[in-house]
Amino acid sequence: MFLKIIRRSFRTMKDSYLIYILACSFAIGIFSILLSLVDNPKLKGDISIWSSGIANATLGFSVIFIFCAFVYMGFVGGFFIKQQAHEFKTFEKFGMARWTVIIIGFIQTVVVQLISWVIGVLVALIFQKFFGMLLLYLMGVKFGFAFLFTSNTFNLLLQIGIYSTLVFSIMNSFRVNRLLKNKKNRQKSLRLYLRIPSGILGILFFVSGLLVTVIFLGDIKGSQADKVLWELVFLMMAYLFGTYLIYFGFLPSLLTILQHIKRIAYTGINVFSFKYFKERLIRNTSILWFITELSSLALVLLSICYLGYQTIYNNYDYAHPFELTANQYTVKDIKKDLKENGSKITREYKTKVKMTVVQRSSNDQIIPGTFMSYSDYKKLPKSNISRNPKIGKKDFLILDYGYSVPGYVSNQSKEAVVKVKNADTIKSNKIGSAFPYGSTMYQGLMIIAPDSYYNDLDASVENTFYGWFFKNGDKLTKKQYEKLDSQEYTKGVSIKKADNLDETKLSAIDGSSNNTGTIFMDSSYSRQKSAKIQVDQITGFGIFIVALFSVALLIALGSVLTLRLLLRDDSEWKQLKTLNKIGVNKSEIKEIVKKETVYTFVIPIVFAVMQSYIVIALFGSFPQMDMLVPFILINLGYVALYGIIGFVTYLISWRSVNQKLN
Amino acid sequence: MQIIVKNIAKDYGKRFNAVHAIKDIGLEVKQGEFLGIMGPSGAGKSTLLNIISTNERPDHGQVLIDGIDMTQLHDKEQAKYRRNKMGFIYQSFELLDSLNVKENIILPMALNHASKKLIEQNFKHMIKLLNIESLSKRNVDDLSLGQKQIVAAARALINNPEILFADEPTGSLDSKSATILLNYMQLINDKEKTTILMATHDAFTASYCSHVVFIKDGVIFSEIVNPGDRNKFFEQIINMQRTIGGGSYFNVSENN
Ligand SMILES: Nc1ncnc2c1ncn2[C@@H]1O[C@H](COP(=O)(O)OP(=O)(O)OP(=O)(O)O)[C@@H](O)[C@H]1O
Ligand SMILES: [Mg+2]
């Protein structure tokens, strides 16, 4: 008897169950794969940054992932119970004990959840190798990926699976119980006295959210950390509640008002469609809300990921404008090594620089200043200096590392003033941060000065920088690289402060000698390749995770909305049929289905995009990176994908309606 | 509005357990005629009405309305025809439960984009006539069966259709409401020359018709014309029902 009822319910809702189980097992599969990657000893051994950070990041992502999946399951799992409300009530009317009906709901959920877990883990077992290889490929690591599923991972999965199944099944039992207690079969009533105020409140919340975003933008630029935090909390609350209240109160009230304007409501199909949309809206409020918040979260996260990537890439680019650089201390060794290896040099650069003491006026710091003459600067490759402002013969260009550090910018005036020991104070509005030989090669400021100024400057320390480009890489062996590595940060300068700048002394130091004063060490060489590997690995990992999350999100969103539109209950079906019977033609019904789909998809995305605008404020603190265009592109891309899901849903939905009409 | 039905047939279901709802029926209904269709349950009355009203397509045969073969029209044109010229009282009412009584009744007019003034005017007229003024704001879900039926009738009649299809229009009504409705139907049949096709089990209801056909097992069994005297016609109908062995008194026919 039990089994028969359960089997029957699976049969009647098989399409919807199929969509749900596939979505769940996908999520479980991905989670299992991520979890098993964390534990993989080969990755730990062979990729240095794996154990130092990526393993933890993977674990973190897998936790976020399964958390989202659980929210999805808890939420969508309830659809099926709701769908069977009529049947469950009939069972009870026929005299079945309430707990029997509850147990039916419980068993159904257990079965579905267990099937999802089994398929999910199977998916993980089958595709682990594929995903592992994909990850390694994206990270640019060239060694094979071996299949491995430790018993540790397996046990963890088993436990999570069993506990979550129990939790969801109990949750659904409660749902059944609540359903049966609710004797009245009425749909949620309108309760305008509740909806109008809450709608207004929702609009207020949302608008204040938009306003606070603007204020937020100002505060984050002014780095007012405590204020920023409060504003962020407020924003989240305002958006979360505001959107819900708008869906709960404002939109139904609006439709009610439209419905009472007889001139609009009494023309054509509107008599029906306003009420129909309202009913569907009221029923789907929490789903629309869920989708909205999820979408804006996705937009924010995608933008932040892109920003992270940009930051890493920028740093890398600023640090390594040449494939290999050296200064006068390392050049001999490097040249010898290059000759030995037969590296093919395509271009070679060499620039003399003078170092002295300078004082940055914005914060009165006394630091080393490295000077390069205008004509030397002009000889450097265009690509290395193109990010700096253009300068003429007579201009000073001030390069400051801190310029790209957040928080520094706000108190940076448009004009930088730098006092120089025993020379004229420099004032210039040309400020950049692309150091011609890479930012790690010096400390303090670098100043490109007109030739005459440069020639007159007396240097405390002189140095020469070298930079190379190669054909087919620099060919340094691991041993040579290690030797170079040991020389890093062994040479530099020290500053002995005096009462005034002119007496302050700068001198070259060797790592071994004991020094007094402030010490500034240089990296003495920089090699693109070693950094490139790390950047590639991090980027590859990022792409892997972002791609996984995006696909998962699409599946989740798509299945929620599609299920929601597909699961029309009997009365909704009957109404569409009745319309057809009294002379509403199919194209008009198609129009209703189309409008319904469009509203269901457009409303959440509009609110989501508005909320995600908060990201622009967050980016306000990175002014040198133009995030507006990427942000718009990310939004457009998201909207486009989402639109495709919407279109497919519309096709499926219309197909099912059309079938029922015939 | 002249309706000619030629040799229609309709099966339901798949090959092995097919139901021959209509085997072979031919009919002619003249403009302004009030035709009754009687027969035991499952005889195919509703199916016949559905086919004539283009809600369903026959497997064979033709339905000519004013010389146009309705079975050859596209869905869209059929829907237009239904909307513009026909009114329906369905056996199962087919009211929209999300709408209230008023909205249900005015729906056909709204669909035709009638002016708001005309809608209100016709609506007032209709509810007054059928004595349902008190229901106008009610939710359709809460109505009694009889109330639903009368609302369905109001919806069918508000547009002054040229053809009215009524499937058991009085089945759930008390005798007073039934009389009101039937009188009104007779009135529009007389005054506006509305063609009416009505399926019913009830001999009293059928006695309002000008002409009754009896169907059984998907074919026309016999036909009676109103001699002009309603009591006499009523007697004839009762007798015919006895002969068929179905109808309202012997509703359980042997093959159902
Ligand atoms: N949609 C359908 N699918 C399958 N069979 C159908 C369908 N509609 C009607 N039938 C069958 O066709 C036959 C005729 O049905 P119909 O509804 O026309 O009878 P009826 O004369 O209107 O009966 P009643 O007096 O009970 O209204 C019946 O045997 C019925 O079971
Ligand atoms: Mg019938």
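Reading the values: the criteria
- Residues numbered from 1 in each chain as written.
- Chains lettered and ligands numbered in written order.
- Predicted model: local features only at pLDDT ≥ 70, side-chain atom pairs only at ≥ 80, totals over all residues.
- Heavy atoms only, no water.
- Donors = N, O, S within 2.8 Å, 3.2 Å for Na, K, Ca; no water.
- Helix = DSSP H or I, 4+ residues; strand = E, 2+ residues; numbered from the N terminus.
- Salt bridge = Lys/Arg side-chain N within 4 Å of Asp/Glu carboxyl O.
- Buried < 20%, exposed > 50% of the residue type's maximum accessible area, 1.4 Å probe, protein only.
- Contact = heavy atoms within 4.5 Å.
- Buried area = accessible area lost by both parts, 1.4 Å probe.
- Nonpolar A, V, L, I, M, F, W, Y, C, P; charged D, E, K, R; others polar.
- Phe/Tyr/Trp six-rings, centres within 6.5 Å; stacked < 30°, edge-to-face > 60°.
- Lys NZ or Arg CZ within 6 Å of the ring centre and 35° of its normal.
- Near = heavy atom within 4 Å.
- Polar contact = N/O pair within 3.5 Å; in protein donor to acceptor, adjacent residues only side chain to side chain.
- Areas by Shrake-Rupley, 256 points an atom, 1.4 Å probe, with all protein chains shown as cover.
- UniProt positions renumbered as here; feature names shortened; annotations may be inferred.
- Patch = residues over 30% accessible without salt bridge, like charges linked within 9 Å, V, L, I, M, F, W, Y side chains within 5 Å.
- Pairing = 2+ DSSP bridges.
- Axes fitted to C-alpha atoms, helices over the stretch in contact; angles between N-to-C directions.
- Lys, Arg positive; Asp, Glu negative; His and termini not counted.
- Right-handed = clockwise from strand over helix to strand, strands pointing away.
- Parallel < 35°, antiparallel > 145°, perpendicular 65-115°, else oblique.
- Left-handed = near helix turned anticlockwise from the far one by under 90°.

**Digging into the coordination of the magnesium ion (ligand 2)**
Alright, step 1. With distances of 1.8 to 2.2 Å, the protein atoms coordinating the magnesium ion (ligand 2) are Ser46 of chain B (OG) and Gln91 of chain B (OE1). In this pair, serine 46 of chain B sits in helix α1 (residues 45-52) while glutamine 91 of chain B sits in the loop between β6 (86-89) and α3 (101-111), placing the two residues 45 residues apart along the sequence.

**What to know about the pattern of salt bridges**
Alright, step 1. Under the counting rule described, the total for this entry stands at 14 salt bridges over all chains.
Alright, step 2. Among the salt bridges present, the one from glutamate 588 of chain A reaches arginine 83 of chain B, with a minimum N-O distance of 2.3 Å. In this pair, glutamate 588 of chain A sits in helix α19 (residues 586-612) while arginine 83 of chain B sits in helix α2 (residues 75-85), so the two residues belong to two different chains.
Alright, step 3. Classification of arginine 83 of chain B as buried rests on a relative accessible area of 13%.

**What about the interface of chain B and chain A?**
Alright, step 1. Between chain B and chain A, the contact holds 29 residues from the first and 26 residues from the second.
Alright, step 2. For the pair chain B and chain A, the summed buried surface comes to about 2,500 Å²; carbon and sulfur atoms form 56% of the total.
Alright, step 3. Of all residues in chain B, the largest losses of buried area upon contact with chain A belong to Glu94, Leu96 and Ser98 of chain B, amounting jointly to 21% of the total for that side.
Alright, step 4. When contributions to the side of chain B that touches chain A are tallied by element, the ones reaching two or more residues are α2, α3 and α4 (116-129) of chain B.
Alright, step 5. Per-element accounting of the side of chain B that touches chain A gives the leading share, six residues, to α3 of chain B.
Alright, step 6. Broken down by class, the residue content of the side of chain B that touches chain A amounts to eleven nonpolar, five polar and 13 charged.

**Considerations on the packing of aromatic side chains**
Residue and element names in this part refer to chain A.
Alright, step 1. Using the criterion set out here, one finds 38 aromatic pairs over all chains in the structure.
Alright, step 2. Taking the ring centre of phenylalanine 248 as reference, the NZ or CZ of arginine 195 above it sits at 4.3 Å.
Alright, step 3. The cationic tip of lysine 354 hangs over the ring face of tyrosine 454; the distance from NZ or CZ to the ring centre is 4.7 Å.

**Quick notes on the site of ligand 1**
Residue and element names in this part refer to chain B.
Alright, step 1. Close to ligand 1 lie 13 residues, the nearest being Gly42, Lys45, Ser46, Thr47 and Gln91.
Alright, step 2. Threonine 47 places a polar side-chain atom, nitrogen or oxygen, 2.5 Å from an oxygen atom of ligand 1.
Alright, step 3. Alone, ligand 1 offers 630 Å² of accessible surface; in the complex the protein occludes 62% of this.
Alright, step 4. Broken down by secondary-structure element, the contributors of at least two residues to the shell around ligand 1 are β2 (19-29) and α1.
Alright, step 5. Among the residues making up the shell around ligand 1, the classes are represented as five nonpolar, seven polar and one charged.

**Concerning the UniProt feature "domain: ABC transporter" (unreviewed entry) in chain B**
Alright, step 1. Feature annotation in UniProt assigns "domain: ABC transporter" (unreviewed entry) to the following positions: residues 3-242 of chain B.
Alright, step 2. Taken as a whole, residues 3-242 of chain B contains 38% helix and 25% strand, while its terminal C-alpha atoms sit 29 Å from one another.

**Focus: a nonpolar patch on the surface**
All names here are of chain A.
Alright, step 1. A contiguous nonpolar surface patch, about 720 Å² in accessible area, is contributed by Val118, Leu122, Leu125, Ile126, Phe127, Phe130, Leu134 and Phe147.
Alright, step 2. Secondary-structure assignment places phenylalanine 127 in helix α6 (residues 98-139).
Alright, step 3. With a relative accessible area of 38%, phenylalanine 127 lands in the partly exposed category.

**Here we look at the sheet that holds strand β11 (residues 505-510) of chain A**
All names here are of chain A.
Alright, step 1. Spatially, three strands are ordered β11-β10-β12 in an open sheet, and the strand pairing comes out antiparallel. Of all the strands in the sheet, just β11 and β12 (518-521) have a single pairing partner and so form its edges. Averaged over all neighbouring strand pairs, the angle between strand axes comes to 30 degrees, with direction disregarded.

**Some remarks on the side chain of glutamate 33 of chain B**
Residue and element names in this part refer to chain B.
Alright, step 1. Tracing the sequence through the fold places glutamate 33 in the loop between β2 and β3 (34-38).
Alright, step 2. As a buried residue without a salt bridge, glutamate 33 has its nearest oppositely charged side chain in lysine 30, at a separation of 4.6 Å.
Alright, step 3. Among the polar contacts listed, one links the side chain of glutamate 33 to the backbone nitrogen of lysine 30, at a separation of 2.8 Å.
Alright, step 4. If we skip the residues at most four places from it in the chain, glutamate 33 touches Glu28, Asn189, Thr194, Thr195, Ile196, Ser210 and His211.

**Quick notes on the pairing of strand β8 (residues 195-199) of chain B**
All names here are of chain B.
Alright, step 1. Within β8, five of the five residues are buried, which leaves it mostly tucked inside the rest of the structure.
Alright, step 2. By the alternation rule, side chains of β8 split into Thr195, Leu197 and Ala199 and Ile196 and Met198, which are all buried.
Alright, step 3. Pairing of β3 with β8, which is carried by four bridges, proceeds in the parallel orientation. Its bridge partner lying in β8, phenylalanine 34 is registered against isoleucine 196.
Alright, step 4. One ladder, built from five bridges, connects strand β7 (residues 163-167) with β8; its direction is parallel. Across the sheet, phenylalanine 165 pairs through a bridge with leucine 197, a residue of β8.
Alright, step 5. Running through helix α6 (residues 175-191), the crossover from β7 to the neighbouring parallel element β8 is right-handed.

**Digging into the packing of helix α2 (residues 14-38) of chain A against α6 of chain A**
If you want to describe how two helices pack, look at the angle between their axes and the distance between the axes.
All names here are of chain A.
Alright, step 1. The contact between α2 and α6 brings their axes to 6 Å, and the two run at 45 degrees. When the axes of α2 and α6 are compared, the pair comes out oblique. Our pair here, α2 against α6, has a crossing hand that is right-handed.

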